[in-house]
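Chains, contacts and geometry: an overview
Here are the chains, one letter per residue:
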Amino acid sequence: MDDLIIAGEKFSSRLIMGTGGAPSLEVLDQALVASGTELTTVAMRRLDPGARGSVLDVLRERDIKVLPNTAGCFTAGEAVLTARLAREALGTDWVKLEVIADERTLLPDPIETFDAAERLVADGFVVLPYIGDDPALARRLEQAGCAAVMPLGAPIGSGLGIRNPHNIELIVEAASVPVILDAGIGTASDAALAMELGCDAVLLATAVTRAQRPDLMAAAMKAAVTAGRLARQAGRIPRRRYAEASSPMTP
Amino acid sequence: MIVVINGSTHEVADGMTVAQAVHTLTSATTGVAVAVNDEVVTRGAWETTALRDRDRVEVLTAVQGG
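So, a few notes on the structure that sits alongside this text.

Conventions and cut-offs
Residues numbered from 1 in each chain as written. Chains lettered and ligands numbered in written order. Predicted model: local features only at pLDDT ≥ 70, side-chain atom pairs only at ≥ 80, totals over all residues. Heavy atoms only, no water. Contact = heavy atoms within 4.5 Å. Buried area = accessible area lost by both parts, 1.4 Å probe. Polar contact = N/O pair within 3.5 Å; in protein donor to acceptor, adjacent residues only side chain to side chain. Helix = DSSP H or I, 4+ residues; strand = E, 2+ residues; numbered from the N terminus. Nonpolar A, V, L, I, M, F, W, Y, C, P; charged D, E, K, R; others polar. Pairing = 2+ DSSP bridges. Phe/Tyr/Trp six-rings, centres within 6.5 Å; stacked < 30°, edge-to-face > 60°. Buried < 20%, exposed > 50% of the residue type's maximum accessible area, 1.4 Å probe, protein only. Lys NZ or Arg CZ within 6 Å of the ring centre and 35° of its normal. Core = buried A, V, L, I, M, F, W, Y, C linked by side-chain atoms within 4.5 Å. Axes fitted to C-alpha atoms, helices over the stretch in contact; angles between N-to-C directions. Parallel < 35°, antiparallel > 145°, perpendicular 65-115°, else oblique. Left-handed = near helix turned anticlockwise from the far one by under 90°.

Interfaces are often described in size by the accessible area the parts lose on coming together. The interface of chain B with chain A comprises 23 residues on the first partner and 25 residues on the second. Across the chain B to chain A interface the summed buried area is about 2,100 Å²; carbon plus sulfur atoms make up 63%. For chain B, the biggest contributors to the area lost against chain A are Ala62, Gln64 and Gly66 of chain B; these three give 29% of the whole. Our count for the chain B to chain A interface comes out at 11 residue pairs in polar contact (both at pLDDT 80 or more). The set of elements that each furnish at least two residues to the side of chain B that touches chain A consists of strand S3 (32–36), strand S4 (39–41) and strand S5 (56–64) of chain B. No other element matches the seven residues that S5 of chain B contributes to the side of chain B that touches chain A. Of the residues belonging to the side of chain B that touches chain A, the class tally is 11 nonpolar, nine polar and three charged. Examined bridge by bridge, strand S4 (residues 39–46) of chain A and S5 of chain B share five bridges and lie antiparallel to one another. Bridge pairing in S5 of chain B links valine 42 of chain A to glutamine 64 of chain B.

Given below as structure tokens:
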């Protein structure tokens, strides 16, 4: 499979993992290894003096690049501060920008996200914004200097798959930065579909970490992303209304 | 003076530094970042930055998420 390139950096895996929802760091570690991921998100939270072990140790051990997110932020100001703290703590200027509109839907707030994206780009960050499946917003964020766009398939943790494949295709058609399908993936066929629609990568967490066997689902996602990418590059046959014989009826 | 560290109110000696405030929670100095009143204090400035009465100190680290 061809490399994924984000902001000039190469990745041979097109599956980006999140770390939320795993019952333990051991289970997470096994799932990350099975997924083959090279880029994985973490959240920034108040330090808990009682916490045992760190997700950072797992990522360092496995040589996986860390992608801090701004999960839990509701305003551009909170997201910018969180990104700066992540840069300070983790020594990376990459950030998955996530500004949530409300707790019930966890849908991204487009106005706050755009505001934060402009400020972070100006501050030298490599910005990967999580957005709705909105082609117009995706285009505006690319113009604002974002390194990728990350439209959702469905709400975070819903496992509903890709609710509007047509919009994802429109985003892909217009984008010259990577399009990463983020959120909503429930099972392997959802990840394969994202890649068949032309997405450059898939980001998922819950579908793996809360599966009954996370390591097995991680392996399934890895295979699905590879299969979907290959199918996209191969070029699928057109859909037809009626049958078309594959062998001629007459010599 | 009074300072708020990660949401908890503490009575501390005047002139407490950011480094000392962090040390109340952890001895780690990597993988941790600090904001005082919503402004980042870089690692190199922890020892030389003194807190003031009513400062809000946030000490963050990376956790599972996203």
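Below, the discussion takes up the packing of aromatic side chains. Residues and elements named next belong to chain A. Using the criterion set out here, one finds one aromatic pair over all chains in the structure. Centroid distance phenylalanine 11 to tryptophan 94: 6.0 Å. Interplanar angle 70 degrees. Geometry classified as edge-to-face. Taken together, the residues span a long stretch of sequence, with phenylalanine 11 in strand S2 (residues 9–11) and tryptophan 94 in strand S6 (residues 94–97) at a distance of 83 residues. With a relative accessible area of 4%, phenylalanine 11 lands in the buried category. Above the plane of the ring of tryptophan 94 lies lysine 65, whose end atom (NZ or CZ) is 4.3 Å from the centre. Directly above the ring of tyrosine 130 sits lysine 96, whose terminal nitrogen or CZ lies 5.2 Å from the centroid.

The next point concerns the nonpolar core. Counting 68 residues, the largest nonpolar core has Val202 and Met221 of chain A as the members making the most contacts within it. For this core, the element with the highest residue contribution is helix H3 (residues 76–90) of chain A, accounting for nine residues. The contact partners of methionine 221 of chain A, leaving out residues within four places of it in the chain, are Leu15, Ile185, Gly186, Thr187, Ala188, Ala191, Leu204, Ala207 and Val208 of chain A. Residues Leu47 of chain A together with Ala19, Leu51 and Val59 of chain B belong to the second largest nonpolar core, which totals 18 residues.

All names here are of chain A. On the secondary structure map, alanine 34 appears in helix H1 (residues 25–35). According to the relative accessible area criterion, alanine 34 is partly exposed, its value standing at 22%. Among all residues touching alanine 34, those that are not within four sequence positions of it are Asp215, Ala218, Ala219 and Lys222.

Inspection of the secondary structure puts serine 35 of chain A in helix H1. The residues touching serine 35 of chain A, leaving out its near neighbours within four places in the chain, are Leu15, Met17, Ala218 and Lys222 of chain A.

Before going further, it helps to spend a moment on the packing of helix H7 (residues 188–196) of chain A against helix H9 (residues 214–234) of chain A. Residues and elements named next belong to chain A. Where H7 meets H9, the closest approach of the two axes is 7 Å, and the angle between their N-to-C directions is 30 degrees. Here H7 lies roughly parallel to H9, going by the angle between them. Read as a crossing pair, H7 and H9 show a hand that is right-handed. Mapping the contact onto sequence places Ala188, Ala191, Ala192, Met195 and Glu196 in H7 and Ala220, Met221, Ala224, Val225, Gly228, Arg229, Ala231 and Arg232 in H9. Class assignment of the residues belonging to the contact of H7 with H9 gives a composition of nine nonpolar, one polar and three charged.

The next subject is unusual backbone geometry. Residues and elements named next belong to chain B. Despite not being glycine, asparagine 6 shows a phi value in the positive range, around 45 degrees. By the secondary structure assignment, asparagine 6 is in the loop between strand S1 (2–5) and strand S2 (8–11). The buried category is assigned to asparagine 6, whose relative accessible area is 11%.

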